[in-house]
Amino acid sequence: QVQLVESGGGLVQPGGSLTLSCTPSGSVFRIDDYVMRWYRQAPGKQRDLVASITAGFTTNYADSVKGRFTISRANALNTVYLQMNNLKPTDTAVYYCYAVYFAEYWGQGTQVTVSA
C-alpha cells in the first residue's frame, strides 16, 4: 500500500521559513506521472488547497500564499517540496501531501505552527 510521508514541520516565528518534504515510503510508487499537491487544515476549518504541481512542472498557488510559498518536485529523488517563506500565524495548520493520477493518495500530515 502506498503511503506518502511528510516531514519538515515544526514551530517557527512569524517571518520565518520552513521547507516541507513529501515522499512515498516502502514501495515502488513513483511520483513522476502524478499531480502533487499540498493542502492544509487549521483547527475547526476545512482542508484547503495550498499549492499544486503537475507532471509537466506547471504550478498553481492559493492567493493567500502566492509570492511566499514555492512548490517543487525532484522526480529523481521521488520527492515533492513546499518552501514556505515569510510565514504568518494564519499559516498555522496541519499540512498534507496528496498525489493523484490513476489513483489518489494522502499523507498523514505534518504540523506547522507559526507563533512568537
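Remember, it's a predicted structure, so these values are computed and weren't measured experimentally.

Draft legend 1. Layout of the pattern of salt bridges. All chains considered together, the criterion is met by four salt bridges. Of the charged contacts, one joins Asp91 and Arg40 as a salt bridge, the two residues approaching to 2.9 Å between their closest N and O atoms. With Asp91 in the loop between strand 8 (79-84) and strand 9 (93-100) and Arg40 in strand 4 (residues 35-41), the pair connects residues that are 51 residues apart, well separated along the chain. Among the residues examined, Asp91 registers a relative accessible area of 0% and is labelled buried. Judged by relative accessible area, Arg40 falls into the buried class, the value being 13%. A cluster of three or more residues bridged by salt bridges with shared partners is formed by Arg40, Arg68 and Asp91.

Draft legend 2. Local environment of the packing of aromatic side chains. Scanning all chains against the criterion turns up nine aromatic pairs. Where Phe29 meets Tyr34, the ring centres are 4.6 Å apart and the plane angle is 65°; that geometry is what we call edge-to-face. The residues Phe29 and Tyr34 share a single accessibility class, namely buried. Relative to Tyr105, the ring of Tyr34 has its centre 6.2 Å away and its plane inclined at 45°; by these criteria the two rings are tilted.

Draft legend 3. Region of interest: the layout of surface pockets. In this structure, the largest pocket spans a volume of roughly 210 Å³. Surrounding the largest pocket, 15 residues form its lining, Arg40, Ala42, Lys45, Asp48 and Thr90 being those nearest its centre. Counting only elements with at least two residues in the lining of the largest pocket, the list comes to strand 4 and strand 5 (47-53). Within the lining of the largest pocket, the residues separate by chemical class into seven nonpolar, five polar and three charged.

The rules we used
Residues numbered from 1 in each chain as written. Predicted model: local features only at pLDDT ≥ 70, side-chain atom pairs only at ≥ 80, totals over all residues. Heavy atoms only, no water. Salt bridge = Lys/Arg side-chain N within 4 Å of Asp/Glu carboxyl O. Helix = DSSP H or I, 4+ residues; strand = E, 2+ residues; numbered from the N terminus. Buried < 20%, exposed > 50% of the residue type's maximum accessible area, 1.4 Å probe, protein only. Phe/Tyr/Trp six-rings, centres within 6.5 Å; stacked < 30°, edge-to-face > 60°. 1 Å grid on protein atoms, 1.4 Å probe; cavity = no way out; pocket = protein on both sides within 12 Å on 5 of 7 lines; lining within 4 Å. Points joined across faces, edges and corners; volume = space filled by probe spheres on them. Nonpolar A, V, L, I, M, F, W, Y, C, P; charged D, E, K, R; others polar.

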